[in-house]
Amino acid sequence: MSNVGQIPQLRFPEFTGEWQEKRLGEIGKFYRGLSYDKSNVGLSGNLVLRSGNIQGGQLILDQDLQFVNKAIGKDQNLSKGDIVICMANGSKKLVGKAAIYKGQYSGSITVGAFCSIFRSNNTLAEYLLQTHQYKKYLNMLLAGTNINNLKSSDLEKLKFILPSNEEEQQKIAAFLAAVDKRVALLERKVQQLEAYKCGVMQQLFSQQLRFTRPDGSHFPVWQEKRLREITVNKPSTITAGQLSDNFEGYAVYGASGIAGYVKSFQHEQPYTAVVKDGAGAGRLLWCEGETSVLSTLTVLLPRQGIDAGYLHYVLQGIDFPKYITGSTIPHVYYRDFSKAKLKVSVFEEQQKIAAFLSALDEKIALTRRQLDKAKQFKKGLLQRMFV
């Protein structure tokens, strides 16, 4: 341990004194995962976690599971509080990702040889591996090499400034755990809202769930129509070279959202665009009014008697991938997917459906913003606490 001391930018006021520099190897120990071959893999046995089980800073134990019939070393058994780290992967961006094991599996569990277990009694250990400092160190280790592999000895050298007072450590850990709880709550809320919306849409467009008129009477039976009967296709000629990135003028949408700006707009009212060229072919975008799209997208405008919002939601029931052509650069053509058959309600019911689903989308968007804000709050805490 170094005698170098520092004071973090953000700290609980009741604590004083400098923090001390420690290497990761001083606060814990690394254990490499289990080596095995195909003959050891079965339908039961020891659960072996791999890099694919580390997602978004969490261990995923309900998919991509592998069971191995081979003895696990004493130190290779995962215990509650252990941190699983991906040490090697074909994708460099996945190397170093980590997640804490919360003891949620009742059987024997370990990690594969391309992962390691970091075992520490320091309550801040899991948060150190979420810091910008950790990510920066990983980038330095992996830069300029084609070998996507970490060594325990490399990670053991990583230095952090930590509180020497155990009470301060515990208070910081408890506070960050409360932030994590808030993030997890919002993530679940987003998932629940999206699942609810999906279920409602299935019921609405299968007509199991119907709206009624203000007087309680039913709307007419839905009519089957082809997409070309309810839409007008409006291609674009705008190329990426025509765009400005100075946020002046009117937005132009690309496959992933706003791509840039131009001096005029093509569409005054909100509308749905379909990505027709490239990796995102068949993807739908809801675009604000007074905007345009790139030539790699096409715009579907509603014909008379069709609500624009309703059209956006009913389009989500079309299986666009089945209309994709082209092996090198995927394409979807209006002449093909416009043949799709849809059940269409009368305009008044369309408006009710669109308003209901739009309100759900707004609630999901609000919750996502809250989630993003909570994640940014935590990121800021980590940056200011661990200098």
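Relevant structure appears above.
Residue indices begin from 1 for each chain and proceed along its sequence in written order. Residue-level local features of this predicted model are given only where pLDDT is at least 70; pairs of side-chain atoms are given and counted only at 80 or more, and the full residue set underlies all totals for whole chains, interfaces and linings. Side-chain figures throughout are based on the complete set of non-hydrogen atoms in the structure, without hydrogens or water.

A. A look at the overall build of the protein chain. Secondary structure elements are taken from DSSP: a helix is a run of H or I of four residues or more, a strand is a run of E of two residues or more, and numbering for both begins at the N terminus. Across its full length, the protein chain holds nine helices and 22 strands. The reference for a compact globule is 2.2 Å times residues^0.38; the radius of gyration itself is calculated from the C-alpha atoms. The globule rule puts the C-alpha radius of gyration for 387 residues at 21 Å, and the 27 Å found for the protein chain is more than 25% above it. If one aligns the C-alpha atoms of the protein chain with their principal axes, the spans along those axes are about 75 × 55 × 50 Å. Relative to all contacts within the protein chain whose residues are 6 or more apart in sequence, the contacts with residues 24 or more apart total 71%. Here a residue-residue contact requires only that any non-hydrogen atoms of the pair lie within 4.5 Å.

B. How the structure looks around helix 5 (residues 166–205). In this model, helix 5 (40 residues) spans 58 Å end to end at C-alpha, consistent with the 58 Å of a helix rising 1.5 Å per residue. At the N-terminal boundary of helix 5, the capping side chain belongs to Asn 165, with an oxygen 2.8 Å from the backbone nitrogen of Glu 167. Trailing helix 5 by a residue or two, Gln 207 shows a phi angle of about 65°, which is positive. By this rule, a helix spans an expected 1.5 Å times one less than how many residues it contains. Any N or O atom pair separated by 3.5 Å or less is treated as a polar contact, with the protein-specific requirement of one donor-capable and one acceptor-capable atom, and with residues adjacent in sequence counted only for side-chain atom pairs.

C. Spatial organisation of the environment of Gln 104. Mapping Gln 104 onto the fold places it in the loop between strand 10 (98–100) and strand 11 (109–111). Residue Gln 104 is classed as partly exposed on the basis of its relative accessible area, which comes to 43%. On a C-alpha basis, the gap between Gln 104 and Gly 380 in space is 29 Å, while along the polypeptide they are 276 residues apart. If near-sequence neighbours (up to four positions away) are discounted, Gln 104 is found in contact with Leu 59 and Leu 61. Summary of the burial criterion: residues with accessible area below 20% of their type's maximum are buried, those above 50% are exposed, and those between are partly exposed, where the area comes from a 1.4 Å probe applied to protein chains only.

D. Expanded view of the pattern of salt bridges. What counts as a salt bridge is simple: a side-chain nitrogen of Lys or Arg found within 4 Å of a carboxyl oxygen of Asp or Glu. Applying the stated rule across the entire model yields 10 salt bridges. Asp 361 is the partner of Lys 197 in a salt bridge, and the nearest nitrogen-oxygen pair spans 2.7 Å. Of this pair, Lys 197 sits in helix 5 while Asp 361 sits in helix 9 (residues 347–385), placing them 164 residues apart in sequence. Residues Asp 277 and Lys 276 are paired through a salt bridge, measuring 3.1 Å at the closest nitrogen-oxygen approach.

E. Structural context of the sheet that holds strand 9 (residues 83–86). The strand order across the open sheet formed by four strands is 3-12-9-10, and the pairing between neighbours is antiparallel. Among the strands making up the open sheet, the edge pair consists of strand 3 (28–32) and strand 10. Adjacent strand axes in the sheet meet at a mean angle of 25° when their direction is disregarded. One requirement defines pairing of two strands: DSSP has to find at least two bridges between them. A fitted line through C-alpha atoms represents every axis, and for helices the fit uses only the stretch in contact; the resulting angles, taken between N-to-C directions, go from 0 to 180 degrees.

F. Here's a closer look at the side chain of Thr 110. Inspection of the secondary structure assignment puts Thr 110 in strand 11. Among the polar contacts listed, one links the side chain of Thr 110 to the backbone oxygen of Gln 76, at a separation of 2.6 Å. In this structure, Thr 110 is in contact with Leu 34, Leu 47, Val 48, Leu 49, Ile 72, Gln 76, Leu 78 and Ile 117, ignoring residues within four places of it in sequence.

G. Region of the structure containing the layout of surface pockets. Think of a 1 Å grid over the protein atoms and nothing else: a 1.4 Å probe that fits but is trapped marks a cavity, an open set flanked by protein within 12 Å on at least five of seven lines marks a pocket, and residues with an atom within 4 Å of a point count as lining. Grid points are joined across faces, edges and corners, and a volume is the space filled by probe spheres set on the points. Within this model, the largest pocket holds a volume of roughly 1,300 Å³. In terms of lining residues, the largest pocket is bounded by 46 residues, among which Gly 56, Gly 57, Ala 98, Gln 130 and Lys 378 are the most central. Going through the elements one at a time, strand 6 (54–55), strand 7 (58–59), strand 10, helix 2 (125–128), helix 3 (132–142), helix 5 and helix 9 are the ones with two or more residues in the lining of the largest pocket. It is helix 5 that contributes the most residues to the lining of the largest pocket, eight residues altogether. When residue character is reported, Ala, Val, Leu, Ile, Met, Phe, Trp, Tyr, Cys and Pro are called nonpolar, Asp, Glu, Lys and Arg charged, and the others, Gly included, polar. When the residues that make up the lining of the largest pocket are grouped by side-chain class, the tally is 20 nonpolar, 12 polar and 14 charged. In this structure, the second largest pocket spans a volume of roughly 280 Å³. For the second largest pocket, the full set of lining residues is Lys 197, Trp 286, Glu 288, Gly 309, His 312, Tyr 313, Gln 316, Ala 354, Ser 358, Asp 361 and Glu 362.

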